[in-house]
Amino acid sequence: MTLRVFELSQDSAMWPRINGSFNAAHKWGLPGLAGCPGCGVTWASSGHQYPAVDLSNLPAQSEFLKARPEPFEEFARLRELVRPLAPPGALLPPGTLFGPLVGTASGRFADFETQGSMLLVVRREALERLQVEGVRGLVGCKTELRFRQKDPPELLELQLEPRGQLHPDCYPPELPPPCDTCGRFKLTLPDEPILDAASLPTDRDVFRVGNFATVMVGTERFKEAVQRLGLEGITFRELPTR
């Protein structure tokens, strides 16, 4: 049986009835890469974030507080300091983010709230209802968002790990392979992405695409649970698989 999957996006039709917003960033992050010795590119990733990874007991945690580019040797040193704390097999490219969202929030929040294609934040009660429905792999992480309003919602960030791949049919024929040194893959997301069916995870219902982590994906089980519970804030676009 083919697994049906859906791209998750913000439901902008709810504005202005639902107008929640936040100005926040993760507490820690790996630096960007300054001039990779393999490909020569200065870059940082988007979509690789692990809010459940706590660096507070790391002696060098202060080295992860400021975003900046670093030479490859320094980036690699810092990456190895973090690796034992990260999920097994995490790629940890330049710019990977860790820890809770810290910042301010205001307005009326839906059950789900997104910030571009980077974040998926959920009300605690919505997350608990989805877990009761049997949705798998939901890791809700506490945020450090400050509200001015009374009785603010408790918002959790979902840790969505990269899994699965875009299908090779999405790659232009002249696309060079990933850099052997830093792993950078210069791929532009097609308007109609196709996922590689054989690469999709079978142990979770929400994840990011492994080689294009800004794309958030939910399975049919997740979609049906959200709709059955009447949860608001996200839309679903089915992605073909091959």
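Anyway, here's the lowdown on the structure attached to this text. (Residues numbered from 1 in each chain as written. Predicted model: local features only at pLDDT ≥ 70, side-chain atom pairs only at ≥ 80, totals over all residues. Heavy atoms only, no water.)

With that settled, consider the overall build of the chain. Across its full length, the chain holds 3 helices and 15 strands. For a compact globule of 242 residues, the expected C-alpha radius of gyration is about 18 Å, and the chain comes in at 18 Å, within 12% of that figure. Overall, the chain is about 50 × 45 × 30 Å in size when its C-alpha atoms are taken along their principal axes. Looking at the 242 residues of the chain, the share that counts as buried comes to 48%. Approximately 12200 Å² of the chain is accessible, and the part contributed by carbon and sulfur atoms is 51%. The chain carries 27 positive and 30 negative side-chain charges, and their two centres are separated by 4 Å. (Helix = DSSP H or I, 4+ residues; strand = E, 2+ residues; numbered from the N terminus. Rg over C-alpha atoms; globule rule 2.2 N^0.38 Å. Buried < 20%, exposed > 50% of the residue type's maximum accessible area, 1.4 Å probe, protein only. Areas by Shrake-Rupley, 256 points an atom, 1.4 Å probe, with all protein chains shown as cover. Lys, Arg positive; Asp, Glu negative; His and termini not counted. Charge placed at Lys NZ, Arg CZ, Asp CG, Glu CD.)

What the rule picks out here adds up to 21 salt bridges. When the shortest N-O distance is used, the salt bridge between R77 and E74 registers 2.7 Å. One end of the pair is R77 and the other is E74, both in helix α1 (residues 72-82) and 3 residues apart, which spans about a single turn. Classification of R77 as partly exposed rests on a relative accessible area of 36%. Note on E74: relative accessible area 23%, which makes it partly exposed. (Salt bridge = Lys/Arg side-chain N within 4 Å of Asp/Glu carboxyl O.)

Strands sit in the order β12-β13-β14-β1-β15 across an open sheet of 5 strands; the sheet is mixed. Strands at the two margins of the open sheet, each flanked by one partner only, are β12 (162-163) and β15 (234-239). Pairing geometry for strand β1 (residues 5-10) and β15, over 6 bridges, is antiparallel. From the neighbouring strand, F6 faces β15, where its bridge partner is E238. (Pairing = 2+ DSSP bridges.)

It helps to recall that an α-helix has 3.6 residues per turn; residues three or four apart then point in one direction. Taken together, the buried positions of helix α3 (residues 220-229) are occupied by F222, K223, A225, V226 and L229. Take α3 and look down its axis: the buried residues cluster within an arc of 165°, on one side only. Contact partners of the buried residues in α3: β1, β7 (112-115), α2 (124-132), β13 (206-209), β14 (212-219) and β15. A positive backbone phi angle near 70° is found at G230, which sits one or two residues after α3. (Arc of directions from axis to C-beta. Contact = heavy atoms within 4.5 Å.)

This part covers the sheet that holds strand β11 (residues 155-158). For sheets, the rule is that strands pair by backbone hydrogen bonds, running either parallel or antiparallel. The strand order β7-β8-β11-β9 describes an open sheet built from 4 strands, whose pairing is antiparallel. With one partner strand each, in any of the chains shown, β7 and β9 (140-142) form the two edges of the open sheet. Sheet twist, expressed as the mean angle between neighbouring strand axes with direction ignored, is 40°. Those strands touched by α2 are β7, β8 (119-123), β9 and β11, and its axis lies near 90° from that of β8. (Axes fitted to C-alpha atoms, helices over the stretch in contact; angles between N-to-C directions.)

Attention now goes to the packing of aromatic side chains. Under the definition given, this model contains 8 aromatic pairs. Summarising the aromatic geometry, the rings of F109 and F147 are spaced 5.7 Å apart at their centres and angled 75° between planes, so their arrangement reads as edge-to-face. In this pair, F109 sits in the loop between β6 (97-106) and β7 while F147 sits in strand β10 (residues 144-147), placing the two residues 38 residues apart along the sequence. The two residues F109 and F147 agree in class, both being buried. Ring-pair connections join several aromatic residues into one group, and the members of that group are F6, F112, F222 and F236. The positively charged end of K223 is found above the aromatic ring belonging to F6, 5.3 Å away from the centroid. (Phe/Tyr/Trp six-rings, centres within 6.5 Å; stacked < 30°, edge-to-face > 60°. Lys NZ or Arg CZ within 6 Å of the ring centre and 35° of its normal.)

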